[in-house]
Amino acid sequence: MTTSELHLQRSCLEASDFDHTPSYCEENVYFLCKKLSSSGIADAHGSDLFVVFISNDNKQIPLWHQKASHRADGVILWDYHVICVQRKRDGGTHLVWDLDSSLPFPSPLATYVSETVRPSFQLFSEFQRFFRVVHAPLFLRYFASDRRHMKDSEGNWTAHPPPYEPIVAEDGSVHNLNEYMEIHAGDVLMNLPQDLMSAVSGQKHGVVIGEAQLEELFSRNS
């Protein structure tokens, strides 16, 4: 994708065109994938889209350039975060769609990794980020959330919920968010197989990789 093509794509849909409820990033990305597909920016079936959950054992992940941050560098410590990556074939620029980011929307994957993940920044091991990569068509079929994780012990909302009804999976499941957001060091693939994209596309919960492998994954067979 050329620079002019990237600017054209950005102009088609702005971040404000998407549904966004603070603290409900998984639902935001769910509807973002649907809109990218229905608008023609992505494949109609979402086959070029991937939902990426970011977290770790301690549920403490630093990410930069986040709108919710009160710091000049935009860094914030999330328990988990969810973004969408659009994979471009034939040498195109892979894109990250992050409604919570202050970077250009969308941003090239390489830019997002260097500016938001900042792998070159030395972090203590407890802040290491892991990435669960799920093929969007599978996510849109199987994901469900009744938002129970956003209520305290007395049943009060810790963050105001979206105005629409909770997402129910095609199989009738009403809540399985924990199956996606629970990410542990022991889940990480140490060596990426040659057919990794096939593995991602064939598994309901995708695969878990380290931050050094994120760009490599999307560059496979591009």
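Reading the values: the criteria
- Residues numbered from 1 in each chain as written.
- Predicted model: local features only at pLDDT ≥ 70, side-chain atom pairs only at ≥ 80, totals over all residues.
- Heavy atoms only, no water.
- Helix = DSSP H or I, 4+ residues; strand = E, 2+ residues; numbered from the N terminus.
- Pairing = 2+ DSSP bridges.
- Phe/Tyr/Trp six-rings, centres within 6.5 Å; stacked < 30°, edge-to-face > 60°.
- Buried < 20%, exposed > 50% of the residue type's maximum accessible area, 1.4 Å probe, protein only.
- Lys NZ or Arg CZ within 6 Å of the ring centre and 35° of its normal.
- UniProt positions renumbered as here; feature names shortened; annotations may be inferred.
- Lys, Arg positive; Asp, Glu negative; His and termini not counted.
- Salt bridge = Lys/Arg side-chain N within 4 Å of Asp/Glu carboxyl O.
- Polar contact = N/O pair within 3.5 Å; in protein donor to acceptor, adjacent residues only side chain to side chain.
- Expected span 1.5 Å × (residues − 1).
- Contact = heavy atoms within 4.5 Å.
- Core = buried A, V, L, I, M, F, W, Y, C linked by side-chain atoms within 4.5 Å.

## Comments concerning unusual backbone geometry
Part 1: A cis geometry characterises the amide bond from Phe-105 onward to Pro-106, with omega recorded as -5 degrees.
Part 2: Positive phi values are uncommon outside glycine, yet His-65 reaches one of about 60 degrees.
Part 3: In this structure, Arg-147 is a non-glycine residue whose phi angle is positive, near 70 degrees.
Part 4: Turning to its location among the elements, Arg-147 is positioned in the loop between α4 (136–142) and α5 (177–181).

## Some remarks on the sheet that holds strand β7 (residues 130–135)
Part 1: One open sheet holds the six strands; their spatial order is β6-β5-β4-β1-β7-β8, and the pairing between them is antiparallel. Looking at the sheet topology across the chains shown, the edges are occupied by β6 (107–108) and β8 (207–210).

## A short note on the packing of aromatic side chains
Part 1: What the rule picks out here adds up to 13 aromatic pairs.
Part 2: Centroid distance Tyr-30 to Phe-143: 6.2 Å. Interplanar angle 45 degrees. Geometry classified as tilted. You can see Tyr-30 sitting in helix α2 (residues 25–38) and its partner Phe-143 sitting in the loop between α4 and α5, a full 113 residues away along the chain.
Part 3: What makes Tyr-30 buried here is its relative accessible area of 8%.
Part 4: Taking 5.9 Å as the distance between ring centres and 70 degrees as the angle between the ring planes, the aromatic pair formed by Phe-143 and Tyr-180 counts as edge-to-face. Taken together, the residues Phe-143 in the loop between α4 and α5 and Tyr-180 in helix α5 connect sequence positions 37 residues apart. Residue Phe-143 shares its accessibility class with Tyr-180, and that shared class is buried.
Part 5: Among the aromatic residues, those joined into a cluster by ring pairs are Tyr-30, Phe-31, Phe-53, Phe-139, Phe-143, Tyr-164 and Tyr-180.
Part 6: Over the ring of Trp-157 we find Lys-151, and its NZ or CZ is 4.7 Å from the ring centre.

## Points about the UniProt feature "domain: Protein N-terminal glutamine amidohydrolase alpha beta roll" (unreviewed entry) in the protein chain
Part 1: Per the UniProt entry, the sites bearing "domain: Protein N-terminal glutamine amidohydrolase alpha beta roll" (unreviewed entry) are residues 20–217 in this numbering.
Part 2: With 23% helix and 17% strand, residues 20–217 has its two end C-alpha atoms placed 28 Å apart.

## Details of the side chain of Arg-87
Part 1: Within the secondary structure layout, Arg-87 lies in the loop between β4 (81–86) and β5 (95–97).
Part 2: One buried charged side chain, Arg-87, makes no salt bridge at all; its nearest oppositely charged neighbour is Asp-48, positioned 9.5 Å away.
Part 3: At a separation of 3.4 Å, a polar atom in the side chain of Arg-87 contacts the main-chain carbonyl oxygen of Phe-218.

## Here's the deal with α2
Part 1: Between the first and last C-alpha of α2 there are 20 Å, a value that for 14 residues agrees with the 20 Å anticipated at 1.5 Å per step.
Part 2: Counting buried residues along α2, 10 of its 14 residues qualify, which places the element largely inside the surrounding structure.
Part 3: Every buried residue of α2 is accounted for by Cys-25, Glu-26, Glu-27, Asn-28, Val-29, Tyr-30, Leu-32, Cys-33, Leu-36 and Ser-37.
Part 4: In this fold, the buried residues of α2 make contact with β1 (49–55), β4, β5, α4 and α5.

## Observations regarding the nonpolar core
Part 1: Counting 33 residues, the largest nonpolar core has Leu-36, Phe-53 and Trp-97 as the members making the most contacts within it.
Part 2: Where this core is concerned, the elements lending two or more residues are α2, β1, β4, β5, β7, α4 and α5.
Part 3: Among the elements that line this core, the one with the most residues is α2, at six residues.
Part 4: Core analysis: the next-biggest nonpolar cluster, separate from the first, contains 25 residues, Ile-61, Val-117, Leu-192 and Phe-218 among them.

## Notes on the pairing of β1
Part 1: β1 sits mainly inside the fold: seven of its seven residues count as buried.
Part 2: With burial as the criterion, each face of β1 is covered, one bearing Leu-49, Val-51, Phe-53 and Ser-55 and the other bearing Phe-50, Val-52 and Ile-54.
Part 3: For β1 and β4, the ladder comprises six bridges, and the chain directions are antiparallel. Bridge assignment links Leu-49 to a residue of β4, and that residue is Gln-86.
Part 4: Taken together, the six bridges between β1 and β7 define a ladder with antiparallel strand orientation. Considered in β7, the bridge of Ile-54 is made with Phe-131.

## Concerning the pattern of salt bridges
Part 1: Applying the stated criterion to the full structure yields six salt bridges.
Part 2: For Arg-147, the salt bridge goes to Glu-27, with nearest N and O atoms at 2.9 Å. Here Arg-147 is found in the loop between α4 and α5, whereas its partner Glu-27 is found in helix α2, with 120 residues between them in sequence.
Part 3: Its relative accessible area of 4% is what places Arg-147 among the buried residues.

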